[in-house]
Every structure is written in structure tokens, then in C-alpha cells.
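Topology and contacts: notes
Chain by chain, the residues:
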Amino acid sequence: MHFFYYRDGHLYCEDVDLARVAEKFGTPLYVYSAGTILDHYARLDAALAPLDHLICYAVKANSNRAILKLLVDAGAGFDIVSGGELHRVIAAAGDPARCTFAGVGKTREEIESALEQRVYSFNVESEAELDYINRLARTKNLRAPIAVRANPDVDPRTHEYVSTGSHENKFGIALGQLPAVYERAAKMRNVEIVGVQMHIGSQITEAEPFAIAIKKLAPIVRELKSKYDIKFFSIGGGMGIIYRRALDSGSGQWWHDHGGEPAAFSVRDYADAIVPPLRDLGIRILVEPGRFLVGNAGVLLTRVLYVKKSGQKKFVIVDAGMNDLIRPALYHSYHEIAPVKQPVTSRNNSTSGGRVAKMDVVGPVCESGDFFALDREMPELDEDALLAVMSAGAYGFVMASNYNSRPLPAEALVRGETFSLIRKRQTWEDLVSDEIEPEC
Ligand SMILES: *Cc1c(COP(=O)(O)O)cnc(C)c1O
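Residue indices follow the written sequence of each chain, beginning from 1 at its first position. The model is predicted, so local features are restricted to residues of pLDDT at least 70 and side-chain atom pairs to those at 80 or more, both for listing and for counting; the totals for chains, interfaces and linings are taken over all residues. To get the side-chain values, all heavy atoms of the structure are used, and hydrogens and water are removed first.

Re unusual backbone geometry
Following Thr27, the chain continues to Pro28 via a peptide bond in cis, the omega torsion being -5°. Helix and strand definitions here come from DSSP, where helices need a minimum of 4 consecutive H or I residues and strands a minimum of 2 consecutive E residues; each element is numbered from the N-terminal end. Relative to the helices and strands, Pro28 is located in the loop between helix H1 (18–25) and strand S4 (29–33). One non-glycine residue with positive phi stands out, namely Arg118, at about 60°. Along the polypeptide, Arg118 turns up in the loop between helix H5 (108–116) and strand S8 (121–124).

In C-alpha cells, the structure reads:
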């Protein structure tokens with residue numbers, strides 16, 4: 001369930017008309033649905049119920065403290081990739097003992113902070129990193145809990161930039177080298193072997209690649225368990241979401257037909273494929289979903305500034321840009337764009353009758369890559385119309401920048417009939433406030 005739908009021609013998030021939220025906080029504005037995040041969490045938690053498991057939310061997908069707090073209260077652990085993310089989790093009253101620390105380039109400062117905070121595990125990506133963690137732990141007279149990230153060399157059938165578990169990319173250690181790395185770790189005085197980890201990629205829409213990777217790792221997990229008494233096997237995140245027709249079925253009255261879109265990722269299929277082999281292992285299972293929990297739970301609200309016709313082309317220029325949401329430019333990713341006030345002509349009517357036209361929806365940034373949709377069939381839009389870029393809850397705000405000296409957008413959270421600001425909009429003053437007069 002994603003709680004975004006049309007009610008009497010108005011786009012709602014839970015029980016709140018999105019136009020009201022934009023009115024109050026301005027645009028561009030990220031709006032998140034607490035109910036959607038908690039629903040996704042609960043469904044995954046229920047599907048994994050046959051296993052001793054911990055859901056470690058991948059903080060990098062959306063790290064706003066209010067979102068982290070929702071998940072802390074739901075009982076989640078966290079997968080972090082930097083010292084800054086650990087700081088955020090702690091600021092949201094999260095427990096470091098439920099945090100796994102991933103990433104190929106942990107710095108001294110980050111490792112020391114994570115040691116002091118007693119994270120659950122360092123997910124180690126190289127032998128050099130293992131040595132370094134051991135050395136830093138020795139200076140503190142501590143034992144660092146570690147899991148090695150295995151690279152199972154599985155094709156997740158997703159975009160090349162988000163594929164991480166094939167032999168061609170920088171992540172993890174090849175299965176053949178894994179036993180030797182664990183043997184080395186076992187000899188280190190200031191390291192404690194606690195688990196093994198994998199993560200094969202992101203936006204994976206089928207269950208099969210996960211099952212294949214688990215099957216490849218299962219014998220190794222058994223061996224590590226008997227040799228080193230490891231406590232957990234983390235199977236990573238990467239579960240995909242719907243980007244096309246990302247409105248609740250029944251209320252998503254689209255004016256264009258997507259035709260043969262790929263089937264959406266199903267929690268049921270995922271659980272059916274992975275729970276039986278994992279149960280046989282008899283070990284605690286960690287999962288690290290990011291996008292799955294928050295992706296469909298957020299939209300980016302933006303207002304039409306100008307409509308421009310140029311030759312045969314029509315451009316809708318909006319007040320959000322690639323600095324606010326970079327996914328279309330970076331991954332060529334598709335986001336639905338829904339008018340917050342549904343045009344009368346398209347109500348109760350999907351593909352015919354209403355006035356539709358092809359247009360590019362673009363931002364104000366001085367880059368050709370600054371677009372949200374190209375040649376998209378949309379209803380006629382007036383200047384000042386409010387649009388929702390759907391499925392923007394993951395890898396949205398967290399990748400926002402100040403490019404073109406545009407202040408970072410604001411973020412709001414909806415919960416039932418209520419909504420509130422969870423990050424204030426930056427000001428022009430903020431843009432220069434960290435800069436320093438040179439003394440030379
Ligand atoms: C990014 C990442 C995740 C989350 O990926 P999603 O596709 O958002 O689920 C999980 N684990 C690790 C190690 C990651 O780097």
C-alpha cells in the first residue's frame with residue numbers, strides 16, 4: 001500500500017490534500033507518508049517472521065531524523081555507511097548496538113567513533129580495511145566485531161550503477177578468497193568475527209537473484225558458523241519498488257497506458273524464495289532495505305513556472321530541478337508525475353477523451369540533464385499548476401545539492417490527518433553562511 005491517491009480530483013497523502021502542504025511550506029517540497037513507511041516495514045517484518053531476523057534500514061536512502069525516529073520506534077536496526085549516518089541514528093535515539101557499518105572507504109575518525117559507540121558489526125570490504133580496524137581497536141583495547149562482505153558474483157539484472165554483487169564492481173570480497181580472509185581475521189587479537197554479509201545491488205524487482213546469491217553463500221555460512229561461531233548472515237537490501245503507476249490501484253487514473261511494464265517486486269515472492277533456504281541455516285538473518293521502505297512513501301511537490309513551446313516541442317518548466325532530485329539525470333530513472341489537482345478531462349478516463357499532449361518536464365538548472373520527464377504524455381497544464389513527482393522518498397533529498405546556488409528544499413511528514421515540517425527550507429543566507437573570508 002502507498003497512501004497516495006486521488007480523492008474528488010485532489011491528490012492526497014493519507015488524509016491530507018497535498019495542495020495544503022504545498023500552500024503551507026512552499027515548493028519544491030518533499031512530502032513523506034509515515035503510514036506507508038510503517039506499512040512497508042510491517043509487511044517485510046511479517047514475511048520474515050519464520051526467521052530470527054533484524055531489519056536494518058539503509059539510512060542512506062533517506063536520512064531525515066524524523067524518518068529514522070519512525071523506524072527506531074518500529075524496532076528497526078540500521079545499516080550505515082558513514083560516521084555521519086551513525087551520528088544521525090544516535091540523534092534519532094537509535095541504538096548503535098543495532099547498527100551495521102558498511103562501506104568501502106571507512107576513515108580513521110569513522111572507525112574510532114563506531115568502536116566507541118559499540119556498533120553491532122563492521123562490514124569489512126577488504127583485507128586492508130580489516131588490518132586497519134584491528135589496529136585502531138588495539139589502541140583502544142577493544143575487540144571490533146566484524147563481518148566480511150562477500151561478493152557472490154550474481155547478476156541482479158538492474159541498472160549498472162546500482163549493481164554491486166558482480167565480480168566487476170568494487171564491492172566485497174570474491175567467494176574464493178573469503179576463507180583466507182576469515183582465517184586472517186581469526187588470528188587478529190582485536191577483531192571478533194561475528195557474521196558474514198552480502199548486498200547484490202539495488203532496485204531488484206525479482207526474487208530469483210536473491211535466492212541464487214543465498215544458495216551460493218549457504219555452504220560458506222555453514223562453514224563459518226561451525227569454525228568461528230558467527231552470529232548472523234546479512235543478505236543485504238536491494239528490493240525494488242514500483243516507479244510506474246505508483247499510485248494506489250483503483251485510484252491511479254492515468255491518462256496514458258504503460259503497456260507491458262515489468263511486474264512489481266512482491267514481498268510474498270521474496271519471502272517464499274528466501275525464507276526456506278535461510279531457515280535451514282539456523283542463524284540470525286539481517287536484511288538491509290532502503291528504497292523498499294521509503295521509496296514509494298515520498299513525493300516531490302513542484303510548481304509549474306512556465307509553459308514554453310519551441311517548434312514541435314513543448315516544455316513545462318517547474319521550480320524543482322536536478323539539484324533537488326537527481327535520479328532522472330543520474331540513472332535515467334522514470335518517475336510518475338501527477339497533477340495535484342486532477343484535470344477534469346482526465347478524471348475517470350485513462351487513455352482517451354481528455355486533452356493530452358507530449359511534453360518535457362524540466363527544471364531551471366543550466367544543464368540539459370535537468371529533466372524529470374521527456375516526451376511524457378500529460379494533461380494540459382497551466383502555469384502555477386502543482387505537480388507531484390512520485391516515488392521520490394528514496395535517494396531523493398539525500399542526493400540534493402546546492403548546484404546553481406539553489407537552497408535545499410524543505411521536507412514534510414504526513415501522518416493520518418496531520419502534517420508537519422521535518423526540515424526547513426534553506427535560505428539564500430544559508431548558501432554563504434559557511435564560507436570564510438580568506439586571510440591572504
Ligand atoms: C545501499 C545499500 C543498501 C540499501 O539498498 P536499497 O537498494 O536501497 O535497498 C543495503 N545494504 C548496503 C550495504 C548498501 O550499500
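What to know about the pairing of strand S14 (residues 298–310)
Two strands pair if DSSP finds at least two bridges between them. In this sheet, S14 lies alongside S4 in antiparallel orientation, the contact comprising four bridges. Bridge pairing in S14 places Tyr30 opposite Leu300. Here S14 pairs with strand S19 (residues 386–389) via four bridges, running antiparallel. What sits directly across from Leu300, in S19, is Val389. The sheet contact formed by S14 and strand S15 (residues 313–318) spans six bridges and is antiparallel. Bridged to Val307 within S15 is Val316.

What to know about the packing of H5 against helix H6 (residues 127–139)
Helix-helix packing is characterised by the crossing angle of the two axes and by the distance between the axes. Angles shown run from 0 to 180 degrees and are taken between the N-to-C directions of axes, each axis being a line fitted to C-alpha atoms and, for helices, limited to the stretch in contact. Put simply, H5 and H6 touch, their axes get as near as 10 Å, and they point 55° apart. When the axis of H5 is compared with that of H6, the two are oblique. The handedness of the crossing between H5 and H6 comes out as right-handed. Facing Arg108, Ile111, Glu112 and Leu115 of H5, the residues of H6 in contact are Tyr132, Ile133, Leu136 and Ala137. When an angle is under 35 degrees it counts as roughly parallel; over 145 it counts as roughly antiparallel; between 65 and 115 it counts as roughly perpendicular; any other value is oblique. Helix crossings fall into two classes, left-handed where the near helix is turned counterclockwise from the far one by less than a right angle and right-handed where it is turned clockwise. Any two residues whose heavy atoms approach within 4.5 Å are treated as being in contact.

Concerning the domain arrangement of the protein chain
Domain annotation for the protein chain reports domain 1 (34–249 + 265–291) and domain 2 (296–432). Taken together, the contacts link 25 residues of domain 1 with 21 residues of domain 2. Two parts lose some accessible area (1.4 Å probe) when they are put together, and adding that loss for both gives the buried area. Contact between domain 1 and domain 2 buries roughly 2100 Å² in total, counting both sides, with carbon and sulfur atoms accounting for 58%. A side-chain nitrogen of Lys or Arg and a carboxyl oxygen of Asp or Glu constitute a salt bridge if their distance falls within 4 Å. Taken together, the connections running from domain 1 to domain 2 amount to zero salt bridges. Side-chain atoms alone can form a polar contact between residues adjacent in sequence; in general such a contact is a pair of N or O atoms within 3.5 Å, and within protein one must be able to donate a hydrogen while the other accepts it. The interface formed by domain 1 and domain 2 includes eight residue pairs in polar contact (both at pLDDT 80 or more). Only helix H2 (34–47) and helix H3 (65–74) provide two or more residues apiece to the side of domain 1 that touches domain 2. If you tally residues by element for the side of domain 1 that touches domain 2, the top one is H2, at five residues. A breakdown of the residues in the side of domain 1 that touches domain 2 according to their chemical character gives 14 nonpolar, six polar and five charged. Where each domain begins and ends is defined by an automated method or by a domain database. Amino acids outside the nonpolar list (Ala, Val, Leu, Ile, Met, Phe, Trp, Tyr, Cys, Pro) and the charged list (Asp, Glu, Lys, Arg) are all regarded as polar, and Gly is one of them.

Things to note about the site of the ligand
As a matter of local geometry, the ligand sits amid 15 residues, with Lys60, Ser202, Gly238, Glu288 and Tyr395 nearest to it. One of the side-chain N or O atoms of Ser202 is found 2.3 Å from an oxygen atom in the ligand. Within the side chain of Glu288, one N or O atom sits 2.6 Å away from a nitrogen atom of the ligand. For the area figures, the Shrake-Rupley method with a 1.4 Å probe applies, and any residue is considered shielded solely by the protein chains shown. For the ligand, whose unbound accessible area comes to 380 Å², protein coverage reaches 94%. Residues are labelled near a given molecule or strand when at least one of their non-hydrogen atoms is within 4 Å of it.

Examining the nonpolar core
Burial of nonpolar side chains together is a common tendency in soluble globular proteins. Take the buried residues of types Ala, Val, Leu, Ile, Met, Phe, Trp, Tyr and Cys, join any two whose side-chain atoms come within 4.5 Å, and each joined set is a nonpolar core. Type-normalised accessible area, obtained with a 1.4 Å probe on protein chains alone, sets the label of each residue: buried when under 20%, exposed when over 50%, and partly exposed for intermediate values. If you look at the biggest cluster of nonpolar residues, it comprises 107 residues, and the most contacted ones within it are Tyr57, Phe78, Phe122, Ile146, Phe233 and Ile235. Ranked by the residues each element gives to this core, the list is headed by helix H8 (residues 208–228), at nine residues. Counting contributing residues per domain, this core is built from domain 1 (34–249 + 265–291) and domain 2 (296–432), each supplying no fewer than three. Setting aside residues no more than four positions away along its own chain, Tyr57 makes contact with Asn62, Ile67, Leu68, Leu71, Gly77, Phe78, Asp79, Pro289, Gly290, Leu293 and Val294. In terms of nonpolar packing, the next biggest core, distinct from the first, is built from 22 residues, Val31, Ala388, Met390 and Ala412 among them.

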